[in-house]
Amino acid sequence: MLPTVSSMPVADDVRPLAPTTDAAAITVVSVPSSHPYVDSVTASPHVRIHRPDDDGTREAAWRPSAALDPEWIRLHARDADLLHIHFGTESFEPARIAACIEAAHEVGWPVVFTVHDLEHPQLLDQAPYRAQLDVLVPGADAVITLTEGAAAEIGRRWRRPPLVSRHPSVLSGDVSTPRVLSSEQFRVGMHLKDLRPNVDGAGMAEALVAAVDSVAGTGVDVVAEVRMHRTVRDPASRDAVREITGRTDRVVLIEHERLDDQELVNVLSRMDACVLPYSHGTHSGWLELCWDLAVPVLAPRVGFYSEQHPDGSTESFDVAAGGESLADAIHAVVRRQDATRAGSVERARQIRARGAARTVDDVTTAGDHEALYRRLIAERRP
C-alpha cells in the first residue's frame, strides 16, 4: 500500500477549527514569501500570501526577507493576519528575530514556525542557527515540523511538542515526466549541485566509487552519474571530486549550469536510485521530488530523511562506513521487488499512483494549515 501525506495531528494546545466554505480570506506574511513548499501549504482558496520579496525570480526565495523587520511589521499591520516563518532566517541575529515576534504579537498577528531544519544545510557552524531556534521555537504560537523524529527531538530540546505535517509534493505542474528507455545497467545518480556546506563532495564521491566497484564485483552491471555545477562554493572540493570520479570507468562526472525544473526531472527519471550526498541536515525536498518520480533514494543516516516516507522507498547508509555501507544500500534497492526501474511500466504506474495520493493529501495539508491559522487568529483576536 502506498503511503499518504499525513495531515497535522491535533495537539492539546492547538486545536484547529474546521474552515467554512464562506470563510473570510486570511492573509499570511510568509518567510520566504515565494517557494514551492509555501505555495503548496497555503493553496487553500481562503488563504492569501503577502509577498514583499517576490520579484518573479527563483532567487527571491533565498534573499533576506523584508518582512523580518519589526518596523516593517508595524507598518504593514493592516495588510495581513499572521506571520509564518519557514526558513531564510540565517542572515539575522536572534535578537532581531525576537523583536519581529514581539512586533507581530503587538499588532495582533499570531506567529507560526515550521522547523524544516534542526541542522542548517547552508551552515557549517550550527551555533548561530541553534541560537535562532532557541528564539523561534519557544516564541511562536504554533510549531510545525515534517517528521515524527524531528518532532521528538524538538520536544526533547524545548519541551514543546510540535504538530507534524508531511512534506507536500514538489513536482511542479509545469513539468512532465519524460519517456525513458529502459536499460540493463543499474544507474545510480548523485547530484552535488554547487557544493553547499552540507554536501560532502569528496567524501561522498569516494564512497560512491568504492560502492559501485564493490557492487559490480558481485555481478551487478552498475554505473553511476555524478553531477555538479560549473560554479561551486568550494573549488578544492570540486577538484577532489574530479580526481576521485576519474578513477573508474563505472562513474561519470557531468559538470553543467543549474538545471531548470524540466531538465532536473528528465535527469532524475533516468536513474534507478539517487544518492543524497549530505554530511548533515534534517529533511530533504530533493528526496520528495525523487518520491514523486518513483526513484528510490539512498540517504545517509543523519537527520530524519528515512522518516519522510516510511514506506521502504528510502534505503539508508552509514556515512562513517563509506563505500561498504553505500554498497549494501545499493544492493538492497536492486533486490527490492517494489523498487521500480527507470523506463519500466511499473515505474509509470507508481508515478501515477503517487501523484493521485499527493493530489488528495496536499489539499488536506493546505486545509489543515488554514484551520490552524484560523484557530490562532481567533485566539489572539477574540
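Residues numbered from 1 in each chain as written. Predicted model: local features only at pLDDT ≥ 70, side-chain atom pairs only at ≥ 80, totals over all residues. Heavy atoms only, no water.

Participant: What exactly am I supposed to notice about the nonpolar core here?
Facilitator: Note on soluble globular proteins: their nonpolar side chains tend to be buried together. The biggest cluster of nonpolar side chains holds 54 residues, and the ones touching the most others in it are Val 188, Leu 208, Leu 298 and Leu 326. Examining the composition of this core, we find that 9 residues originate from one element, helix α6 (residues 201–216), more than from any other. Those residues in contact with Val 188 that lie beyond four places of it in its chain are Leu 208, Val 222, Val 223, Ala 224, Glu 225, Met 271, Ala 273, Val 275, Leu 298 and Ile 330. Val 31, Ile 85, Leu 118 and Leu 136 belong to the second-largest nonpolar core, a separate cluster that totals 31 residues. (Core = buried A, V, L, I, M, F, W, Y, C linked by side-chain atoms within 4.5 Å. Buried < 20%, exposed > 50% of the residue type's maximum accessible area, 1.4 Å probe, protein only. Helix = DSSP H or I, 4+ residues; strand = E, 2+ residues; numbered from the N terminus. Contact = heavy atoms within 4.5 Å.)

Participant: Explain the pairing of strand β5 (residues 142–145) here, please?
Facilitator: The alternating pattern of β5 places Ala 142 and Ile 144 and Val 143 and Thr 145 on opposite faces, both of which are buried. In this sheet, β5 lies alongside strand β4 (residues 111–115) in parallel orientation, the contact comprising 4 bridges. Residue pairing in the sheet places Phe 113 in a bridge with Val 143 of β5. Pairing geometry for β5 and strand β6 (residues 163–164), over 2 bridges, is parallel. Each bridged residue has a counterpart across the sheet, and for Thr 145 the counterpart in β6 is Val 164. In this region the chain leaves β5, passes through helix α5 (residues 148–158) and returns to the parallel neighbour β6; the handedness of that crossover is right-handed. (Pairing = 2+ DSSP bridges. Right-handed = clockwise from strand over helix to strand, strands pointing away.)

Participant: Where do I start with the side chain of Glu 315 in this structure?
Facilitator: Mapping Glu 315 onto the fold places it in strand β12 (residues 314–317). Here the side chain of Glu 315 touches Arg 336 through a polar contact of 3.3 Å, side chain to side chain. (Polar contact = N/O pair within 3.5 Å; in protein donor to acceptor, adjacent residues only side chain to side chain.)

Participant: Quick question: what am I supposed to make of the pairing of strand β8 (residues 222–229) here?
Facilitator: Residues in a regular strand project their side chains so that they alternate between the two faces of the sheet. Counted residue by residue, β8 has 8 buried out of 8 residues, so it is predominantly covered. Of the two faces of β8, the one holding Val 222, Ala 224, Val 226 and Met 228 and the one holding Val 223, Glu 225, Arg 227 and His 229 are both buried throughout. When strand β7 (residues 186–193) meets β8, the two strands line up parallel, connected through 7 bridges. Its bridge partner being in β8, Lys 193 is matched across the sheet by Met 228. Crossover β7 to β8 through α6 is right-handed. Where the polypeptide runs from β8 across helix α7 (residues 235–245) and back to strand β9 (residues 251–256), its parallel neighbour, the crossover connection is right-handed.

Participant: In this structure, what is going on with the sheet that holds strand β2 (residues 47–50)? I would like to understand it.
Facilitator: Strands in a sheet are paired, the pairing made by backbone hydrogen bonds, and the direction either parallel or antiparallel. In spatial order, the strands read β2-β1-β3-β4-β5-β6; together these 6 strands make up an open sheet with parallel pairing. Of all the strands in the sheet, just β2 and β6 have a single pairing partner and so form its edges. Where strand β1 (residues 26–31) lies against strand β3 (residues 82–85), 4 bridges are found, and the strand directions are parallel. By the bridge assignment for β3, Val 28 is matched with Leu 82. On the sheet, α5 packs against β4, β5 and β6 and is oriented at approximately 140° with respect to β5. (Axes fitted to C-alpha atoms, helices over the stretch in contact; angles between N-to-C directions.)

Participant: I keep staring at α7 and nothing clicks. Help me out?
Facilitator: Since there are 3.6 residues in each turn of an α-helix, residues three or four apart along the chain are aligned in direction. Turning to α7, its buried residues are Ser 237, Arg 238, Val 241, Ile 244 and Thr 245. Buried residues of α7, viewed axially, fall in a sector of 130°; they line one side. Packed against the buried residues of α7 are β7, α6, β8 and β9. (Arc of directions from axis to C-beta.)

Participant: Looking at this structure, how should I read unusual backbone geometry?
Facilitator: Trans peptide bonds make up most of the peptide bonds, and negative phi angles are found at most residues other than glycine. A cis geometry characterises the amide bond from Val 31 onward to Pro 32, with omega recorded as 0°. Residue placement: Pro 32 occurs in the loop between β1 and α1 (36–41). The phi dihedral of Lys 193 is positive, around 50°, even though this residue is not glycine. Relative to the assigned elements, Lys 193 resides in strand β7. Although it is not a glycine, Ala 294 sits at a positive phi angle of roughly 60°.

Participant: Can you walk me through the packing of aromatic side chains in this structure?
Facilitator: Within a pair of aromatic rings, the relevant descriptors are the distance that separates the centres and the angle that separates the planes. Enumeration according to the criterion identifies 1 aromatic pair in this entry. Ring geometry for Tyr 278 against Tyr 305: centres 5.8 Å apart, planes inclined by 50°, an arrangement best described as tilted. Here Tyr 305 lies in the loop between β11 (297–300) and β12 and Tyr 278 lies in the loop between β10 (273–275) and α9 (285–292), a separation of 27 residues in the sequence. The residues Tyr 278 and Tyr 305 share a single accessibility class, namely buried. (Phe/Tyr/Trp six-rings, centres within 6.5 Å; stacked < 30°, edge-to-face > 60°.)

Participant: When you look at the sheet that holds β10 in this model, what are you seeing that I'm missing?
Facilitator: If you trace the 6 strands from one edge of the open sheet to the other, you get β9-β8-β7-β10-β11-β12, paired in parallel fashion. With one partner strand each, in any of the chains shown, β9 and β12 form the two edges of the open sheet. Neighbour to neighbour, the strand axes of the sheet diverge by 25° on average, direction disregarded. Pairing of β11 with β12 involves 4 bridges; the strand directions are parallel. Bridging across to β12, Pro 300 finds its partner in Phe 317.

Participant: Looking at this structure, I do not really get the confidence of the model for the protein chain. What am I missing?
Facilitator: Note: predicted coordinates in regions of low pLDDT should not be interpreted at a detailed level. Summary statistics for the protein chain give a mean pLDDT of 92 and a share of 91% for residues scoring 70 or more. Residue range residues 1–21 is modelled with pLDDT below 50. Its contacts to residues more than four positions away, or to other chains, number 49 contacts. (pLDDT = per-residue confidence, 0-100.)

Participant: Looking at this model, I keep getting lost on the pattern of salt bridges. Mind explaining?
Facilitator: Opposite charge on two side chains lets them pair, provided their charged atoms get close. For the structure shown, the criterion picks out 24 salt bridges. In this structure, Arg 233 engages Asp 194 in a salt bridge whose closest nitrogen and oxygen atoms are separated by 3.0 Å. Of this pair, Arg 233 sits in the loop between β8 and α7 while Asp 194 is found in the loop between β7 and α6, placing the two residues 39 residues apart along the sequence. In this structure, the salt-bridge partner of Arg 227 is Glu 225, at a minimum N-O distance of 2.8 Å. For the pair shown, Arg 227 and Glu 225 are each scored as buried. One salt-bridge network, held together by shared partners, links Arg 238, Asp 239, Arg 242 and Glu 255. (Salt bridge = Lys/Arg side-chain N within 4 Å of Asp/Glu carboxyl O.)

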